[in-house]
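What follows is each chain in one-letter form.
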Amino acid sequence: MKTWVIVPAAGGGRRFGGPVPKQYLDLAGKPVIQHTLERLLTIEPAGLVVVIAADDVHWQRLPGAEDPRILVARGGAERADSVRAGLAALAGRAAATDLVLVHDVVRPCVTEADIRALLAVADYPGGALLAAPVSDTLKRVDDNGVVVGTEPRAGLWAALTPQLGRYAVLVAALAQAQQSGCEFTDEAAALEAAGYSPRVVPGRRDNLKITRPEDLALAAAVLASQEAE
Ligand code: C5P
């Protein structure tokens, strides 16, 4: 049984702003995407698919473009479209029961230990994901910024990536999501909708997602502190 990695990296970063997509911005001396790919390659997957935007002009200039372990696919309008393109690129390469890890390119601080902890539950049939228990109090807020309720946080976890599933199961679940017109922002939700019950694996809270400009400085601090560990 082999392990494959798909890295959706076709997002334009609407919430981040700026002309260069956030995955190509400098983080501690190299582009965000390079950090992410290096972390993922530590587990020595059978192959890694990076899914880039149709109009991407940045990828070709990076060292990863020359790496024989890395395949390139063209993404779509939504994250789920990009993940489907990554899965399609593995057709004929991945066996039905091979493991597939899907990891957001904008999470460059993921650790090898967390990825291995996720892989350790690969035998669980419903898929799995790194996640962290919610620690903030959650407010429901209306369109005017007024609090309309406080949500109980017991049992709530924030979904991180990587997320893990068997190749054929993920292909079927994401196809089903597309057919039902119900697109999800992570693979676990597509698995849930297909009747599976993915399990969470507690992940480090510093596996942060670069979403806004201030997150770059946080990620740089995390990388520095991880290096010192
Ligand atoms: O936009 P957001 O930050 O939620 O994106 C999460 C991940 O999905 C990022 O790695 C982004 O590059 C990727 N994505 C994609 N194709 C899209 C939209 C997002 O690969 N159409």
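Coordinates for the structure precede this section.
Remember, predicted model here, so these are calculated numbers, not experimental data.

About the cut-offs
- Starting afresh in each chain, residues are numbered from 1 along the sequence in its written order.
- Note on the predicted model: pLDDT of at least 70 is required for a residue's local features to be given, and 80 or more for side-chain atom pairs to be given and counted; whole-chain, interface and lining totals, by contrast, use all residues.
- The basis for every side-chain value is the complete set of non-hydrogen atoms in the structure, without hydrogens or water.
- Exposure above 30% relative accessible area and the absence of a salt bridge qualify a residue for a patch, where like charges join within 9 Å and nonpolar side chains (Val, Leu, Ile, Met, Phe, Trp, Tyr) within 5 Å.
- Computed by Shrake-Rupley with a 1.4 Å probe, the accessible areas treat only the displayed protein chains as cover when residues are assessed.
- Salt bridge, as used here: a side-chain nitrogen of Lys or Arg that lies within 4 Å of a carboxyl oxygen of Asp or Glu.
- Positive charges come from Lys and Arg alone, negative charges from Asp and Glu alone, with His and the N- and C-terminal ends not counted.
- Here the site of a charge means atom NZ of a Lys, CZ of an Arg, CG of an Asp or CD of a Glu.
- The helix count covers DSSP runs of H or I at least four residues long, the strand count covers runs of E at least two residues long, and both are numbered beginning at the N terminus.
- For every residue, the accessible area obtained with a 1.4 Å probe (protein chains only) is divided by the maximum for its type, and the residue is called buried under 20%, exposed over 50%, and partly exposed between those limits.
- As used here, the term nonpolar core means buried Ala, Val, Leu, Ile, Met, Phe, Trp, Tyr and Cys residues forming a set that is joined through side-chain atoms within 4.5 Å.
- In this description, contact between two residues means that some pair of their heavy atoms is separated by no more than 4.5 Å.
- In the cavity and pocket records, a cavity denotes points on a 1 Å grid over the protein atoms alone where a 1.4 Å probe fits but cannot get out, a pocket denotes an open set with protein on both sides within 12 Å along at least 5 of 7 lines, and lining residues are residues with an atom within 4 Å of a point.
- Grid points are joined across faces, edges and corners, and a volume is the space filled by probe spheres set on the points.
- Each residue receives one of three labels: charged for Asp, Glu, Lys and Arg, nonpolar for Ala, Val, Leu, Ile, Met, Phe, Trp, Tyr, Cys and Pro, and polar for the others, Gly being one of them.
- One heavy atom suffices: a residue is near a molecule or strand as soon as one of its heavy atoms comes within 4 Å of it.
- Polar contacts, as counted here, are pairs of nitrogen or oxygen atoms within 3.5 Å of one another; within protein the pair requires one atom able to donate a hydrogen and one able to accept it, and residues that are adjacent in sequence qualify only if both atoms are side-chain atoms.

A. The arrangement of a positive patch on the surface in detail. On the surface, a cluster of positive charge is made up of Arg-14, Arg-15, Lys-209 and Arg-212. Secondary-structure assignment places Lys-209 in the loop between β11 (199–202) and α6 (214–228). Overall, the relative accessible area of 31% leaves Lys-209 in the partly exposed class.

B. View of the nonpolar core. The biggest cluster of nonpolar side chains holds 41 residues, and the ones touching the most others in it are Ile-33, Leu-48, Val-50, Trp-59, Leu-101, Leu-164 and Ile-210. Broken down by secondary-structure element, the contributors of at least two residues to this core are β1 (3–9), α1 (32–41), β4 (47–52), β6 (99–102), α3 (112–119), β7 (128–133), β10 (157–166) and α6. If you tally residues by element for this core, the top one is α1, at five residues. Contact partners of Leu-48, with chain neighbours within four places excluded, come to Val-5, Val-7, Leu-37, Leu-40, Leu-41, Arg-69, Ile-70 and Leu-71. One finds Val-49, Ala-94, Leu-174 and Ala-190 within the second-largest nonpolar core, a separate group that totals 21 residues.

C. Region of the structure containing the layout of surface pockets. Taken as a whole, the largest pocket spans an internal volume of roughly 730 Å³. Elements supplying a minimum of two residues to the lining of the largest pocket: β1, α2 (79–89) and β10. Broken down by element, the lining of the largest pocket gets its largest block of residues, four residues, from β10. By residue class, the composition of the lining of the largest pocket is ten nonpolar, nine polar and ten charged. Lining the second largest pocket we find 13 residues, and of these Arg-107, Ala-158, Leu-160, Arg-205 and Leu-208 sit closest to its centre. Only β7 and β10 provide two or more residues apiece to the lining of the second largest pocket. The class makeup of the residues in the lining of the second largest pocket is six nonpolar, three polar and four charged.

D. Local environment of the site of the ligand. Taken together, 15 residues form the shell around the ligand, and within it Pro-8, Ala-10, Gly-76, Ala-77 and Ser-82 come nearest. At 3.3 Å from an oxygen atom of the ligand is found a main-chain nitrogen or oxygen belonging to Ala-9. Between the ligand and the protein, one listed contact pairs an oxygen atom with a side-chain N or O atom of Lys-22 at 3.2 Å. Coverage of the ligand by the protein amounts to 86% of the 460 Å² it exposes when considered alone. Of all the secondary structure elements, the ones that give two or more residues to the shell around the ligand are β1 and α2. When its residues are assigned to classes, the shell around the ligand shows six nonpolar, three polar and six charged.

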